[in-house]
Amino acid sequence: ALSVGAKVSAKDWGQDRWLELLDQLQQAASDYPLVFIGSADESERCEQLLARWPIGGLNLCGKLSPRQSAAVLERAAVFIGHDSGPMHLASSVGIPAVSIFAARNKPGVWFPYGNEAHVFYKLVPCHGCRLSVCTEHEKVCIRSISSKDVAEHIQHLLHAEVNHDSAGSNK
């Protein structure tokens with residue numbers, strides 16, 4: 001499950017990073033259909049990403065209430081997204097929430113409870129700036145998070161899930 005929107009510009013990783021991430025995940029995770037959740041204004045952006053995925057999926061942006069989004073997330077293997085409401089929903093339903101954070105807040109303040117090990121946050125000199133729009137440093141904090149590192153982390157989580165499911169089915 002993915003949520004790629006960000007109401008605050010400084011928290012947006014960028015469409016190019018999301019496209020890179022999906023390209024890097026295709027070999028290891030192409031058996032997983034994608035589901036996008038978020039607000040209606042994110043729908044077009046998610047359609048572009050979904051078109052890139054080999055087996056497709058669902059774009060539910062703007063179609064679900066928070067409660068319905070949580071029900072969808074309960075069935076996901078992993079959540080990937082920005083510091084956002086959907087990230088906290090994913091964490092609350094107990095799935096791994098891989099979260100990409102800008103450093104506009106101090107580390108740990110908004111990290112998803114129980115999913116701190118899955119947070120990507122770069123501690124840069126300007127951390128804690130609380131800016132909504134970052135023009136001076138061109139979002140160095142979030143833009144310095146590599147799609148390769150995020151993809152490797154997700155692949156590890158999916159591999160662990162497959163091994164866990166296999167072990168459970170042999171009992």
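None of these values were measured; they are calculated from a predicted model. (Residues numbered from 1 in each chain as written. Predicted model: local features only at pLDDT ≥ 70, side-chain atom pairs only at ≥ 80, totals over all residues. Heavy atoms only, no water.)

Peer 1: Would you take a moment to explain the overall build of the protein chain for this structure?
Peer 2: What the protein chain contains, in helices and strands, is six helices and six strands. Order of helices (α) and strands (β) in the protein chain, N terminus to C terminus: β-α-β-α-β-α-β-α-β-β-α-α. For a compact globule of 171 residues, the expected C-alpha radius of gyration is about 16 Å, and the protein chain comes in at 16 Å, within 12% of that figure. The dimensions of the protein chain, computed from C-alpha atoms along their principal axes, are 55 × 30 × 30 Å. The buried share among the 171 residues of the protein chain stands at 46%. Within the protein chain, contacts between residues at least 6 apart in sequence are counted, and of these 57% link residues at least 24 apart. Summed over all atoms, the accessible surface of the protein chain reaches about 9,100 Å², with 53% contributed by carbon and sulfur. Considering the protein chain, the positive charge centre built from 16 side chains and the negative charge centre built from 18 side chains are found 5 Å apart. (Helix = DSSP H or I, 4+ residues; strand = E, 2+ residues; numbered from the N terminus. Rg over C-alpha atoms; globule rule 2.2 N^0.38 Å. Buried < 20%, exposed > 50% of the residue type's maximum accessible area, 1.4 Å probe, protein only. Contact = heavy atoms within 4.5 Å. Areas by Shrake-Rupley, 256 points an atom, 1.4 Å probe, with all protein chains shown as cover. Lys, Arg positive; Asp, Glu negative; His and termini not counted. Charge placed at Lys NZ, Arg CZ, Asp CG, Glu CD.)

Peer 1: Whenever I open this one, helix H4 (residues 85-92) confuses me. Can you help?
Peer 2: Along H4, the positions that sit buried rather than exposed are Pro86, Met87, Ala90 and Ser91. Projected down its long axis, H4 shows its buried positions confined to an angular sector of 140°, all on one face. Positive phi appears at Gly94, one or two residues downstream of H4, with a value of about 90°. (Arc of directions from axis to C-beta.)

Peer 1: Sorry, what's going on with the nonpolar core here?
Peer 2: Most often, soluble globular proteins have nonpolar side chains that are buried together. Among the nonpolar cores identified, the biggest contains 47 residues, and Trp18, Leu21, Phe36, Val150 and Ile154 are the most heavily contacted of them. For this core, the element with the most residues is helix H1 (residues 15-29), which contributes six residues. If near-sequence neighbours (up to four positions away) are discounted, Ile154 is found in contact with Leu21, Leu25, Val78, Ile80 and Val98. (Core = buried A, V, L, I, M, F, W, Y, C linked by side-chain atoms within 4.5 Å.)

Peer 1: Mind showing me how you'd approach the packing of H1 against helix H2 (residues 43-51) here?
Peer 2: To describe two helices that pack against each other, one gives the angle between their axes and the distance between the axes. Interhelical geometry of H1 versus H2 gives an angle of 30° and a closest axis separation of 10 Å. When the interaxial angle is binned, H1 and H2 end up roughly parallel. For the pair H1 and H2, the crossing hand works out as right-handed. Packed against H1, whose contacting residues are Gln15, Trp18, Leu19 and Leu22, the element H2 presents Arg45, Gln48 and Leu49 at the interface. Across the contact of H1 with H2, the residue classes break down as four nonpolar, two polar and one charged. (Axes fitted to C-alpha atoms, helices over the stretch in contact; angles between N-to-C directions. Parallel < 35°, antiparallel > 145°, perpendicular 65-115°, else oblique. Left-handed = near helix turned anticlockwise from the far one by under 90°. Nonpolar A, V, L, I, M, F, W, Y, C, P; charged D, E, K, R; others polar.)

Peer 1: Explain the pairing of strand S5 (residues 97-101) to me, please; I cannot follow it from the model alone.
Peer 2: Along any regular strand, the residues point their side chains to alternate faces of the sheet. Taken across its five residues, S5 has five buried, putting it largely inside the fold. Sheet topology note: the strand S4 (residues 79-82)/S5 ladder contains four bridges and is parallel. Along S5, the bridge assignment pairs Gly81 with Ser99. (Pairing = 2+ DSSP bridges.)

Peer 1: Sorry, what's going on with the packing of helix H3 (residues 66-74) against H4 here?
Peer 2: The contact between H3 and H4 brings their axes to 9 Å, and the two run at 50°. Relative to H4, the element H3 is oriented oblique. In this structure, H3 meets H4 at a crossing whose hand is right-handed. In this structure, H3 uses Pro66, Ser69, Ala70 and Leu73 to contact H4, whose residues at the interface are Pro86, Leu89 and Ala90. The residue inventory of the contact of H3 with H4, partitioned by class, reads six nonpolar, one polar and no charged.

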